[in-house]
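Fold and contact review
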Amino acid sequence: MKCGLLGEKLGHSYSPRIHSQLGDYAYDLYEKRPEELEDFLKNGDFTGLNVTIPYKKAVIPYCARLSETAQKLQSVNTLLRLPDGSLEGHNTDYFGFLTMLQGLTLAGKKALVLGSGGASNTAAVALRDQRAQVVVISRKGENNYENLHLHQDAAVLVNATPVGMYPNVGIAPLDVGQFPNLEAVLDVIYNPARTKLLQDAMALGIPVVNGLEMLVAQAQKSAEIWTGVPMERQKTEEILRLLRGQMENIVLVGMPGCGKSAVGRKLAQKTGLRFVDMDEEICRLAGISIPEIFAKQGEEAFRALETQIAAKLGKESGLVIATGGGCVTRAENEPLLRQNGTVFWLRRALYKLPKNGRPLSQAGSLEEMYRRREPMYRQFADFEIDNDGAAEKTVAEILEKRREAL
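Computed from a predicted structure; not experimentally measured.

Side note on the layout of surface pockets
- For the largest pocket, the calculated volume is near 1,700 Å³.
- Residue lining of the largest pocket: 47 residues in total, with Thr52, Ile53, Lys56, Ala119 and Met165 positioned closest to the centre.
- Listed by contribution, the elements that provide at least two residues to the lining of the largest pocket are strand E3 (48-51), helix H5 (118-129) and helix H7 (212-227).
- If you tally residues by element for the lining of the largest pocket, the top one is H5, at 4 residues.
- Empty space within the second largest pocket amounts to approximately 900 Å³.
- Breaking the lining of the second largest pocket down by element, the ones donating at least two residues are helix H6 (196-203), strand E11 (208-209), H7, helix H8 (233-247), helix H13 (333-338) and strand E15 (341-347).
- Partitioning the lining of the second largest pocket into residue classes produces 17 nonpolar, 9 polar and 10 charged.

Shown next, in the form of structure tokens:
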């Protein structure tokens, strides 16, 4: 059985990674130009295809029949080659989005859907089927970003736009603070794991859901269509944990000399993630050592470089990041590192902390530095881990906490 993903410019895709866990079939990427589409659909050697932008509507004329959902949405993201050679069109995005709504009570509640493209239409139809009062917000039209004050009673907000998606991270389509009645914020984006929109909602205590579960659920539904074999919900959960483990960063913060680099390298060996030391990246960027940066340019220049590196690394995936001891002193570094990472604070007794080669540790009292930074470490961290014993024990504890969080 041959299956795959059809698009024009596929770039980085998680579909092969997901489908390798879903079934015993080959799954390839098929990049086709518009003029190649007809011949590929008619004569291509495949059993099933996932279809992505810009072909979700373009494939419809080549389908002998459409599923009820595909017909309703007028959008096809899954194709099945029938025994007679004709194509059957399905839409599993709808099923995927429904998984994002699990646990929400929507009947009679206002749901704002941001965007006017295919993802927006899928979300709007699914929400209406759950009896929500749907308002679609677009740049133009009756409901737009200039009259959001008319919808302060919204209970659910769905971002179906690419705003905040990798690599253009750190921006949100709107301020969630203007909706005091929000019960949930959903973002179909899955990279980064926590967009600025979701981080803003989390800061207000609003439950959030990103698009990774939708991605996996729609892939599972596609696999069921191709193989004819239903899959247990447990399989989706297993794949979600696997993907999160491969994608999400492990971020280590803590006092200078607390063992972040040593523990980070061992974590990278255990997980297969790539280890990155932020201080080393800063030296590489500056072309001089950290003591030289402090001596020639001062602490503020060093902190600016540190934030620049945090922005670069924080939006990447699959890393173990050892931060510098003072990374937490700039509040703007927290969302940069959190967007794709779980943050662990490594604690070590002060008398065990070395000072050599550490400008700020040499310049003053470690006790005073710790007193100032302790609340910052606590603010940054998802978990606090003691690192006074063997590094292997610390690594094991971090991995256990991480498994629970995935």
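Don't stop here, the text continues.
Section: the sheet that holds strand E5 (residues 78-81)
- Strand order in the open sheet formed by 6 strands is E2-E1-E3-E5-E6-E4, and the pairing between neighbours is mixed. Looking at which strands have only one partner, the edges of the open sheet turn out to be strand E2 (26-31) and strand E4 (63-66). If you compare each strand with its neighbour and ignore which way they point, the axes differ by 25 degrees on average.
- Packing against the sheet, helix H1 (residues 15-22) makes contact with strand E1 (2-7), E2 and E3, and its axis sits at approximately 155 degrees to E2.
- Set on the sheet, H7 makes contact with E1, E2, E3, E5 and strand E6 (87-90); between it and E5 the angle comes to about 10 degrees.

Digging into the environment of lysine 2
- Along the chain, lysine 2 falls in strand E1.
- Judged by its relative accessible area of 40%, lysine 2 is partly exposed.
- Counting along the chain gives 328 residues from lysine 2 to arginine 330, while the straight-line C-alpha distance between them is 50 Å.
- Excluding residues within four positions of it along the chain, lysine 2 makes contact with Ala26, Asp45, Phe46, Thr47 and Gly48.

Digging into the side chain of asparagine 191
- Here asparagine 191 shows up in the loop between strand E10 (184-187) and H6.
- Under the relative-accessibility criterion, asparagine 191 is labelled buried at 12%.
- A distance of 3.5 Å separates a polar atom in the side chain of asparagine 191 from a polar atom in the side chain of asparagine 340.
- Asparagine 191 has contacts with Tyr14, Met165, Tyr166, Lys315, Ser317 and Asn340, leaving out every residue within four places of it along the chain.

Some remarks on the side chain of threonine 307
- As for its placement among the helices and strands, threonine 307 is situated in helix H12 (residues 299-314).
- Not counting residues within four places of it along the chain, the set of residues in contact with threonine 307 comprises Arg330, Glu332, Asn333 and Leu336.

Here's the deal with the packing of aromatic side chains
- Counted by the stated rule, this structure contains 7 aromatic pairs.
- Consider the rings of tyrosine 25 and tryptophan 226, whose centres lie 5.8 Å apart with planes at 90 degrees: the pair is edge-to-face. Taken together, the residues span a long stretch of sequence, with tyrosine 25 in the loop between H1 and E2 and tryptophan 226 in helix H7 at a distance of 201 residues.
- An aromatic cluster of at least three residues, connected via ring pairs, comprises Tyr25, Tyr27 and Trp226.
- A cation sits over an aromatic face here: lysine 221 above phenylalanine 95, 4.8 Å from the ring centre.

Some thoughts on the environment of isoleucine 53
- Assignment of secondary structure puts isoleucine 53 in the loop between E3 and E4.
- Considering only alpha carbons, one finds isoleucine 53 and valine 76, 23 residues apart in sequence, at a separation of 10 Å.
- Not counting residues within four places of it along the chain, the set of residues in contact with isoleucine 53 comprises Gly7 and Glu8.

What to know about helix H9 (residues 260-271)
- Over its 12 residues, H9 runs 16 Å from end to end, which matches the ideal 16 Å to within 8%, given 1.5 Å per residue.
- Along H9, the residues that are buried comprise Lys260, Val263, Gly264, Leu267 and Ala268. In an axial view of H9, the angular spread of the buried residues amounts to 140 degrees, which keeps them on one side of the axis. Relative to its buried face, H9 has exposed residues pointing more than 90 degrees away, namely Gln269 and Lys270.
- Where H9 is buried, its residues touch strand E12 (249-253), strand E13 (274-277), strand E14 (319-322), E15 and helix H16 (391-405).
- Of the residues trailing H9, glycine 272 is marked for its positive phi of about 85 degrees.

Conventions and cut-offs
- Residues numbered from 1 in each chain as written.
- Predicted model: local features only at pLDDT ≥ 70, side-chain atom pairs only at ≥ 80, totals over all residues.
- Heavy atoms only, no water.
- 1 Å grid on protein atoms, 1.4 Å probe; cavity = no way out; pocket = protein on both sides within 12 Å on 5 of 7 lines; lining within 4 Å.
- Points joined across faces, edges and corners; volume = space filled by probe spheres on them.
- Helix = DSSP H or I, 4+ residues; strand = E, 2+ residues; numbered from the N terminus.
- Nonpolar A, V, L, I, M, F, W, Y, C, P; charged D, E, K, R; others polar.
- Pairing = 2+ DSSP bridges.
- Axes fitted to C-alpha atoms, helices over the stretch in contact; angles between N-to-C directions.
- Contact = heavy atoms within 4.5 Å.
- Buried < 20%, exposed > 50% of the residue type's maximum accessible area, 1.4 Å probe, protein only.
- Polar contact = N/O pair within 3.5 Å; in protein donor to acceptor, adjacent residues only side chain to side chain.
- Phe/Tyr/Trp six-rings, centres within 6.5 Å; stacked < 30°, edge-to-face > 60°.
- Lys NZ or Arg CZ within 6 Å of the ring centre and 35° of its normal.
- Expected span 1.5 Å × (residues − 1).
- Arc of directions from axis to C-beta.

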